[in-house]
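In case you want the letters, here they are:
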Amino acid sequence: MLPCVNDCGSGGGVHQSCQMRHFELQDWRAVQTRSVIVVALASTALAIAGLVVAVVASVRGYQRVGRVISRLDVVADPPPADTVALVDRVARAYGLQVGLVLSDYPISFVWGFSRSKLVLSSGLLKALTDEELVGVLEHEAAHHVRRDNVVKLALALAAHATLLFPLARRVLAWRAEAVELVCDEIAAGRTAAPLEIA
């Protein structure tokens, strides 16, 4: 027999009402524990679903950019040799590989995470002066040095895993703009004519 939970002084006996309260308390604790477990499992499932969505979106984006690059017009004239030498010199200083796309469209971006590749178009190399080109290269090198692609991926995964996804997308958009401004400032500070680059 269970002792009285109310310590009502019944001499060790158990009142019917005290026994019912004891069982109600046990039932309430069991319900509370089950509720916590259900909430934890639901939160984990939601986070995993968000991560899956983020990974699928990242892979699809990677494939889209690859398709766009493969479809670019490859009938453009190659850039001047001295311009290519300038690009190689700046890229080598930052440990960047260079990919040249023969296209008249001006293209410039850093691609990849651990071994980043600087992708430039021949149209961009022909359209810019040497000073402007150095500014673009320093801007892209700043993205590489800061590991912006890795941080962007990590933040996108975290944003998809949160319940505040719409707000997180706005924060990511704000961060993307802020990163571009920071890289512009870094590039302007590293060039010989920062006012021309700005």
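Just so you know, these numbers come straight off a predicted model, no measurement behind them.

### So, the confidence of the model for the protein
Thinking step 1. Across the protein, pLDDT averages 78, with 75% of residues at or above 70.
Thinking step 2. The secondary structure element of the protein with the lowest average pLDDT is helix H7 (residues 194-197), at 57, and the one with the highest is helix H4 (residues 130-146), at 90.

### Describing the layout of surface pockets
Thinking step 1. The volume enclosed by the largest pocket comes to roughly 900 Å³.
Thinking step 2. Forming the walls of the largest pocket are 27 residues, and the residues nearest its centre are Trp111, Phe113, Asn149, Lys152 and Leu153.
Thinking step 3. Its residues placed into classes, the lining of the largest pocket shows 15 nonpolar, six polar and six charged.

### Observations concerning the sheet that holds strand E3 (residues 117-121)
Thinking step 1. Ordered by their spatial adjacency, three strands build an open sheet running E1-E3-E2, and the pairing between neighbours is mixed. On the outer flanks of this sheet lie strand E1 (97-101) and strand E2 (108-111), each paired with one strand and no other. Direction aside, the axes of adjacent strands within the sheet are offset by 25° on average.
Thinking step 2. In terms of strand pairing, E2 meets E3 through four bridges, oriented antiparallel. Each residue of the ladder has a partner; that of Val110, found in E3, is Leu118.
Thinking step 3. Sheet strands touched by H4: E2 and E3. Its angle to E2, the strand with the most contacts, is close to 20°.

### Points about the environment of Leu96
Thinking step 1. In this structure, Leu96 sits in the loop between helix H2 (81-93) and E1.
Thinking step 2. When its relative accessible area of 9% is taken as the criterion, Leu96 is described as buried.
Thinking step 3. Along the primary structure Leu96 and Val119 are separated by 23 residues, whereas in three dimensions their C-alpha atoms are 9.9 Å apart.
Thinking step 4. Residues contacting Leu96, with those up to four places away along its chain left out, are Ala91, Ser116, Lys117, Leu118, Ala141 and His144.

### Regarding the nonpolar core
Thinking step 1. Within the largest apolar cluster, 13 residues are counted, with the highest numbers of intra-cluster contacts made by Val87, Leu96, Leu118, Leu120, Leu125, Leu133 and Leu137.
Thinking step 2. Those elements giving two or more residues to this core turn out to be H2, E3, helix H3 (122-127) and H4.
Thinking step 3. It is H2 that provides the largest number of residues to this core, a total of four residues.
Thinking step 4. Residues within four places of Val87 in sequence aside, it is in contact with Val98, Leu120, Leu125, Leu133 and Leu137.

### Topic: H2
Thinking step 1. Relative to the 18 Å expected for 13 residues at 1.5 Å per residue, H2 spans 19 Å between its end C-alpha atoms, a close match to the ideal helical length.
Thinking step 2. Those residues of H2 that sit buried are Thr83, Leu86, Val87, Val90 and Ala91. One face of H2 carries all of its buried residues, which in axial projection span an arc of 125°. Facing away from the buried side of H2, by more than 90 degrees, are the exposed residues Ala81, Asp82, Arg89, Arg92 and Ala93.
Thinking step 3. Its buried side turned inward, H2 meets E1, E3, H3 and H4.
Thinking step 4. Gly95 lies just past H2 and shows a positive phi near 70°.

### Some words on a negative patch on the surface
Thinking step 1. On the surface, a cluster of negative charge is contributed by Asp82, Asp130, Glu131 and Glu132.
Thinking step 2. Of the residues forming the negative patch, the biggest block, three residues, is contributed by H4.
Thinking step 3. Positionally, Asp82 belongs in helix H2.

### Here's the deal with a nonpolar patch on the surface
Thinking step 1. On the surface, Ile48, Val52 and Val56 cluster together into a nonpolar patch covering about 260 Å² of accessible area.
Thinking step 2. On the secondary structure map, Ile48 appears in helix H1 (residues 16-71).

### Quick notes on helix H5 (residues 148-160)
Thinking step 1. The first and last C-alpha atoms of H5 sit 18 Å apart over 13 residues, in line with the 18 Å expected at 1.5 Å per residue.
Thinking step 2. Burial in H5 covers these residues: Asp148, Ala156 and Ala159. One side of H5 carries all its buried residues, which in axial view fall inside an arc of 70°.

The rules we used
- Residues numbered from 1 in each chain as written.
- Predicted model: local features only at pLDDT ≥ 70, side-chain atom pairs only at ≥ 80, totals over all residues.
- Heavy atoms only, no water.
- pLDDT = per-residue confidence, 0-100.
- Helix = DSSP H or I, 4+ residues; strand = E, 2+ residues; numbered from the N terminus.
- 1 Å grid on protein atoms, 1.4 Å probe; cavity = no way out; pocket = protein on both sides within 12 Å on 5 of 7 lines; lining within 4 Å.
- Points joined across faces, edges and corners; volume = space filled by probe spheres on them.
- Nonpolar A, V, L, I, M, F, W, Y, C, P; charged D, E, K, R; others polar.
- Pairing = 2+ DSSP bridges.
- Axes fitted to C-alpha atoms, helices over the stretch in contact; angles between N-to-C directions.
- Contact = heavy atoms within 4.5 Å.
- Buried < 20%, exposed > 50% of the residue type's maximum accessible area, 1.4 Å probe, protein only.
- Core = buried A, V, L, I, M, F, W, Y, C linked by side-chain atoms within 4.5 Å.
- Expected span 1.5 Å × (residues − 1).
- Arc of directions from axis to C-beta.
- Patch = residues over 30% accessible without salt bridge, like charges linked within 9 Å, V, L, I, M, F, W, Y side chains within 5 Å.
- Areas by Shrake-Rupley, 256 points an atom, 1.4 Å probe, with all protein chains shown as cover.
- Salt bridge = Lys/Arg side-chain N within 4 Å of Asp/Glu carboxyl O.
- Lys, Arg positive; Asp, Glu negative; His and termini not counted.
- Charge placed at Lys NZ, Arg CZ, Asp CG, Glu CD.

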